[in-house]
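Structural features, examined
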Amino acid sequence: MKPAHSEQLYRDRMARVVALLVADPMAPHRLEDLAAAAAFSPFHFHRLYRGLMGETVTQTLRRLRLAQATLSLSQGRGSVTEIALACGYDSPQAFSRAFQRFAGHSPRAFQRRIARLGDDQAGVPMVALKEIGPLQLQGLRHHGPAATIPHTHRHLRQLVGQRAVSRWLGLCQGDPEDGDFRYFAATRLADGPLEDARLQSIALPAGLYASHTLLGPYSQINATIEALYASWLPGSGFEPDHRPLLEFYHPHAPGTPSSARRTDLLVPVRPLP
């Protein structure tokens, strides 16, 4: 069996575990049940999970619960106290501390930022129209729930190794809540394409995008995109076009705090008829 095929089998088996965690992050997941879902021995499961996924099961569950909280807060589904209890925290204070570390803002500050997406601040719109030229990229197709997208980016970085990267981005089409969701972790290397059968060549045509620059951790991306579609797009005079939504990740130096990371969120649009 080829090493690449063997590694993918391992990842597919771990994807079953992640699917269980995503389906009900609040459940008391037992080690024996998770190991059985992946068809691994309970004695080795934790090491395999950490090695393949880049984090422990506990860290995955914590991230899933806080990701749920960003959506609940952005959509106004309950008070901070109600959301804290729903996410398994004993008090709003404990939840606020964890959310601050995860999202870079307190829960209430995060809600205020999301609510301002359609406003002008000092004459500068938070959403601007931008023409993007054609792009030639290489991408790694994401398999599994949207919550595990960081693992696909980590896998792509392992494949790229020390080669210089001129662009790093994500491409997504469809809704993560539906079965038509497709996502690629993608890159353009400074010295030309990487020869690897696991990567797909992706050609994106030029087009118009609604652009919002997110300053903060990547954990805010999903809630911010939801707010762009719900709050900005309906009153913009534009409609979504049939191209992938793009996430451009600005490079940052090692040790840069997550609150200082910059990501351009680009929604493909065209004028309403």
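Being a predicted model, the structure only gives us computed values, none of them experimental.

1. Regarding the side chain of Asp-264
Looking at where Asp-264 falls in the secondary structure, it is placed in strand S11 (residues 262–271). Despite its burial, Asp-264 remains without a salt bridge, the nearest opposite charge being carried by Lys-130 at 4.3 Å. There is a polar contact of 2.8 Å between the side chain of Asp-264 and the side chain of Thr-213. Within the structure, Asp-264 has its side chain in polar contact with the side chain of His-250 (distance 3.0 Å).

2. Description of helix H4 (residues 57–74)
Note that an α-helix has 3.6 residues per turn; residues three or four places apart therefore point the same way. Between its terminal C-alpha atoms H4 stretches 26 Å, which fits the 26 Å expected from 18 residues at 1.5 Å a residue. Within H4 the residues assigned to the buried category are Val-57, Thr-60, Leu-61, Arg-63, Leu-64, Leu-66, Ala-69, Thr-70, Leu-71, Ser-72 and Leu-73. Count one or two residues on from H4 and you reach Gly-76, which has phi positive near 65°.

3. Side note on the nonpolar core
Membership of the largest hydrophobic core comes to 28 residues, with the highest contact counts inside it found for Leu-156 and Val-269. Contributing elements (two or more residues each) for this core: helix H8 (149–160), strand S5 (165–173), strand S6 (182–189), strand S8 (207–215), helix H9 (221–232), strand S10 (245–249) and S11. Look past the residues within four positions of Val-269 in its chain and what remains in contact with it is Leu-129, Leu-208, Tyr-209, Ala-210, Leu-233, Phe-238, Glu-239, Pro-240, Asp-241 and Arg-243. Counting 18 residues, the second-largest nonpolar core is a separate cluster that includes Val-80, Phe-95, Phe-102 and Ala-223.

4. Examining helix H2 (residues 31–38)
When we look at burial in H2, the residues that qualify are Leu-34, Ala-35, Ala-37 and Ala-38. Down the axis of H2, the sector holding all buried residues measures 160°, keeping them to one side. Where H2 terminates, the next one or two residues include Ala-39, which has phi positive at roughly 60°.

5. A word on the pattern of salt bridges
This structure, assessed with the given rule, holds seven salt bridges. Between Arg-163 and Asp-191 there is a salt bridge whose closest N-O contact spans 2.8 Å. In this pair, Arg-163 sits in the loop between H8 and S5 while Asp-191 sits in the loop between S6 and strand S7 (200–204), placing the two residues 28 residues apart along the sequence. Arg-163 gets classed as partly exposed once you look at its relative accessible area, which sits at 25%. Salt-bridge contacts for Asp-241 lead to Arg-270; the nearest nitrogen and oxygen are separated by 3.2 Å. Note that Asp-241 is positioned in the loop between strand S9 (238–240) and S10 and Arg-270 in strand S11, a separation of 29 residues in sequence. Given the relative accessible area of 21%, Asp-241 is considered partly exposed. Through salt bridges with shared partners, one network takes in Glu-239, Asp-241, Arg-243 and Arg-270.

6. Some thoughts on the packing of aromatic side chains
Two numbers describe a pair of aromatic rings. These are the distance of the centres and the angle of the planes. Taken as a whole and judged by the stated rule, the model has seven aromatic pairs. Centroid distance Phe-95 to Phe-99: 5.7 Å. Interplanar angle 45°. Geometry classified as tilted. With Phe-95 and Phe-99 both in helix H6 (residues 92–103) and four residues apart, this pair spans about one turn of that helix. Note on accessibility: Phe-95 and Phe-99 belong to one class, buried. Residues Phe-99 and Phe-110 carry aromatic rings whose centres are separated by 5.5 Å and whose planes lie at 70° to one another, so their mutual orientation is edge-to-face. Note that Phe-99 is positioned in helix H6 and Phe-110 in helix H7 (residues 107–115), a separation of eleven residues in sequence.

7. Topic: the side chain of His-153
Mapped onto the secondary structure, His-153 falls in helix H8. A polar contact is formed between the side chain of His-153 and the side chain of Trp-168, at a distance of 3.0 Å. The residues contacting His-153, other than those within four sequence positions of it, are Trp-168, Leu-169, Gly-170, Tyr-183, Ala-185 and Tyr-249.

8. Points about unusual backbone geometry
Unusually for a residue other than glycine, Ala-39 sits at a positive phi of about 60°. Along the polypeptide, Ala-39 turns up in the loop between H2 and helix H3 (42–53).

Here is what the cut-offs are and how they apply
- Residues numbered from 1 in each chain as written.
- Predicted model: local features only at pLDDT ≥ 70, side-chain atom pairs only at ≥ 80, totals over all residues.
- Heavy atoms only, no water.
- Helix = DSSP H or I, 4+ residues; strand = E, 2+ residues; numbered from the N terminus.
- Buried < 20%, exposed > 50% of the residue type's maximum accessible area, 1.4 Å probe, protein only.
- Lys, Arg positive; Asp, Glu negative; His and termini not counted.
- Salt bridge = Lys/Arg side-chain N within 4 Å of Asp/Glu carboxyl O.
- Polar contact = N/O pair within 3.5 Å; in protein donor to acceptor, adjacent residues only side chain to side chain.
- Expected span 1.5 Å × (residues − 1).
- Core = buried A, V, L, I, M, F, W, Y, C linked by side-chain atoms within 4.5 Å.
- Contact = heavy atoms within 4.5 Å.
- Arc of directions from axis to C-beta.
- Phe/Tyr/Trp six-rings, centres within 6.5 Å; stacked < 30°, edge-to-face > 60°.

Note that every value here comes from positions in space, so none of it alone points to a role or purpose.
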